[in-house]
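The primary structure of each chain is shown beneath.
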Amino acid sequence: MKRILPLLFLSILIAPAFVWADPAPPIKGRVLTADGRPAASVTVRVKSNGRTTLTDEEGGFAFANLAAGEYDLEISLTGFATTTQHVTVELRRTANLSIRLQVSEQQLQEVVVTGGTNRFSRRTSDDLAKMPLKNVENPQVYTTITRDLLADQLVFSVDDGLRNAAGVQKMWDATSRSGDGGGYFNARGFILQSQLRNGVAGNVTSRIDAANLERIEVLKGPSATLFGSTLTSYGGLINRVTKKPYDRVGGEVSYSAGNFGFNRISADVNTPLNADHSVLLRVNTAYTDEGSFQDNGSYKSFVFAPSLAYKVSDRLSFLFDAEIYRSRSITPLIFFFPYGQTIASMGVDRADKLPVDYRRSFFSDDLSQQSAVSNFFARMNYRFNDNWSTQTNVTVTNSYSDGPGPYFYLLANSAVTGNPADIGTDYISRNDQFTANSRDRMLEIQQNINGDFTIGSLRNRFVAGLDYFNHTPNELFSGGTYDTVLSHGVIPTYRDFNRTNLQKLYATKGVDFYYPIANTSNTYSAYVSDVLNLTDNLMVLAALRLDHFVNKGNFDVTTGASSGGYNQTALSPKFGIVYQPIRDQLSLFANYQNGFTNETGTDYKGRVFRPEQAYQAEAGVKIDLFDQRLTGTVSVYDIHVSNIIRSYIPAAPDSSLPVNPQIQDGTQSSRGVEAEVVASPITGLNIVAGFSYNDSKYEKADKDVLGRRPATAASPYTANWWVSYKFPGGALKGLGLGFGGNYASDNKIVNSASQGVFILPAYTVLGASVFYDYAHFRVSVKADNLTDQHYWVGYTTVNPQPLRSVKASIAFKF
């Protein structure tokens, strides 16, 4: 490994030399508004061959692989006259154009807002393939949740925004514990969290605020080839794209309020810092104070997220970001099932039959935990020429937590009374798992080189990179059981589960468990990916990652030494193919991609465990029709997980076996269908809708769960939809209405032969919004859970969710 990585690094550095003389794009340009601002999302078309592109956020566009000759470009924007620009392409020379529209920046924004484009759709992503690639060119499925959709729904957190991702279901709220990565979600039968920010590590342990959020990207399926295994899951990954500075003074200040004691103030301020606008600063900040739908519970959070951009030249630029969180909160109510307790002994097998008061928290309001996040990011972009560029990323994430974490067990009556015939669930135990000055640090250094070049007539879009990832947790989890009380009715000791009594308990009886985590792991990775155009309509993707993981073992403070360290090396391939019967409008795609999880230990024969592996095969259709008014994806996938560690049960007793022997031959399958449509059929009307079906099961496993759906796999069926209409003109111009919801089918959170089956019942949760958007202010009202439904989420747990809430907001823009 020590020899391989330097060679890979050297090859990445010298790769541009082999194609340095490759011709630049024959046509390159920038579209500006009448007042000199970049014009994004403007359509540019080569009239003679119909090739079309959209300008990026800086107004830029380019056309590659054009023969020398005369061309006419059509620059069009819905609602305005089409502009035609004549250009001459000479051999091995680039025609650089600057095109100015007869439209102001304000008019351009109004065109976008009133439905000139699909506000809920975005055609490209720079992060998900580590290169600029249109959705219809990408053989992997992903969902983009745009800032317009977030604004229409008055979204204040990433958790709420993810309701709009097809096939993504919430499992847990954020715990705010050091090292955790915000809320827990499920995609394609596997748990995932939002741990990526602008394509690199960006862990936030508390509820992730939307203050500096530009959009959310959810990449589906195993994605270790480009992003590694630490921050991804077999279900995919969640990437937060943040707001960037821009070259004028502007911003927004808003205040929001609602029931359950919700209050929030936020600001987004942007300004150039020098005369030539080469140094730009943008600051996003917010303070939130919120109560609970239950009798106790609170969440207080402050976030400060500055971003500084420095453009040294047309070739070189820097971006420096920070995310500072400070919060004090109580972990939302979570009910667990005691180990070995059967569902039959509880007398109920569904959450809606539990005799537990829905509005009660069962804890005191002083059991809050303090948490802090301090994340810092630096990015350097350097462009060698029009074909080759390099990007360097350095990110450091630090999280801290200290304080109690109340949780509960649902107890069968017989476990309390001692009478096996006493069937029911009239009792709960009240417990605490606290963190004591727990800290977690992640450091990632990533170097990428990107190229867009031709070999003969074949276009290549290429990325190669090196990645170093260091994870250093120093955490302490400890706690114990406080008492057992009734789950309903009169509870004389209800208020006794508080901080003072917990401290007395630990002082007199000590803790029930003590679990320190102190170790260091390093991951050294190299990867390469190439998208090759065999023709204008047919392209293939091939990628490979070499990943070397070094775990130095857990540090024991009593001995001053570490033990249990291990090393593992894994290869992660990825392949894809895209065929476009109608270029840039209709694509047929397929992919084969990998994810893995490093494992430690040995099996019953003493053989060292290998990394667990997941492979996905997927095929589907993507559309981008009617000038982006109708976009969508339908796909069928099959994920197979192998090398799962499970218990080894010998055919006959064997005294030579170790205690709790294990074998690494388990397998699991996860198959399903996903569909998503984002449409703007008429001006002002925007629709997003998604559907998913997932069939997960253990195929080779312990008899207790063999052939069953994993208790962590979430609901087999989910659906989401949101319809928004904004009046494009007339007396009601700027007024908008929105309505939508989420559906999830029954979720088996306990599913084994020995324990039985326990179900979180299906739910349909509806929401609505009304907003008025004008040039300098916006007023919004949003209602969630319109029908005031009792519903639960969780994986292996029962987590009651908020009742009807109403929030209103007023924002002033400048």
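Up top is the structure these notes are about.
Scope of this entry: the structure provided in the associated data block. (Residues numbered from 1 in each chain as written. Predicted model: local features only at pLDDT ≥ 70, side-chain atom pairs only at ≥ 80, totals over all residues. Heavy atoms only, no water.)

1. Things to note about the pattern of salt bridges
In this structure the tally under the stated criterion is 43 salt bridges. Of the charged contacts in the structure, one is a salt bridge between E674 and R188, with a shortest N-O distance of 3.0 Å. In this pair, E674 sits in strand β36 (residues 662–679) while R188 sits in the loop between β12 (184–187) and β13 (190–193), placing the two residues 486 residues apart along the sequence. Exposure remark for E674: the relative accessible area of 4% places this residue in the buried category. A residue is classified by how much of its surface remains accessible, and R188, at 2% relative accessible area, is buried. A salt bridge links K300 to D289, with the nearest nitrogen and oxygen atoms 3.7 Å apart. One end of the pair, K300, is in strand β21 (residues 299–311); the other, D289, is in strand β20 (residues 279–290), and eleven residues separate them in sequence. One connected set of salt bridges, linked through shared partners, spans R119, D148, D152, K726, D773, R778 and K813. (Salt bridge = Lys/Arg side-chain N within 4 Å of Asp/Glu carboxyl O. Helix = DSSP H or I, 4+ residues; strand = E, 2+ residues; numbered from the N terminus. Buried < 20%, exposed > 50% of the residue type's maximum accessible area, 1.4 Å probe, protein only.)

2. Describing the sheet that holds strand β4 (residues 60–63)
Taking strand neighbours across the sheet as the criterion, the three strands line up as β4-β1-β7 in an open arrangement whose pairing is mixed. Strand pairing shows two members of the sheet lacking a second neighbour, β4 and β7 (95–100), which therefore form its edges. Between one strand and the next, the sheet's axes are offset by a mean angle of 20°, whatever the strand orientation. Two elements, strand β1 (residues 27–32) and β7, share six bridges in a ladder whose sense is parallel. Note that in β7 the partner of K28 across the bridge is N96. (Pairing = 2+ DSSP bridges. Axes fitted to C-alpha atoms, helices over the stretch in contact; angles between N-to-C directions.)

3. Digging into the pairing of strand β22 (residues 316–329)
Note that β21 and β22 share eleven bridges and pair antiparallel. Paired with A309 across the strands is L319, a residue of β22. Counted along the chain from β21 to the antiparallel partner β22, the turn is four residues long. Here 14 bridges tie β22 to strand β24 (residues 369–383), and the two strands are oriented antiparallel to one another. When the bridges of β24 are listed, L316 appears paired with Y382.

4. What about the side chain of N135?
Mapped onto the fold, N135 is located in the loop between β9 (133–134) and β10 (142–145). For N135, the residues in contact, after removing those within four places along its chain, are R123, Y142, K622 and T633. (Contact = heavy atoms within 4.5 Å.)

5. Some thoughts on the sheet that holds β13
Taken in spatial order, the three strands make up an open sheet running β11-β12-β13, and their pairing is antiparallel. Pairing within the sheet leaves two strands with one partner each, and these edge strands are β11 (168–172) and β13. The mean inter-strand angle of the sheet, taken between neighbouring strand axes irrespective of direction, is 40°. Here β11 pairs with β12 via four bridges, running antiparallel. Within β12, the residue paired with K170 across the bridge is F185.

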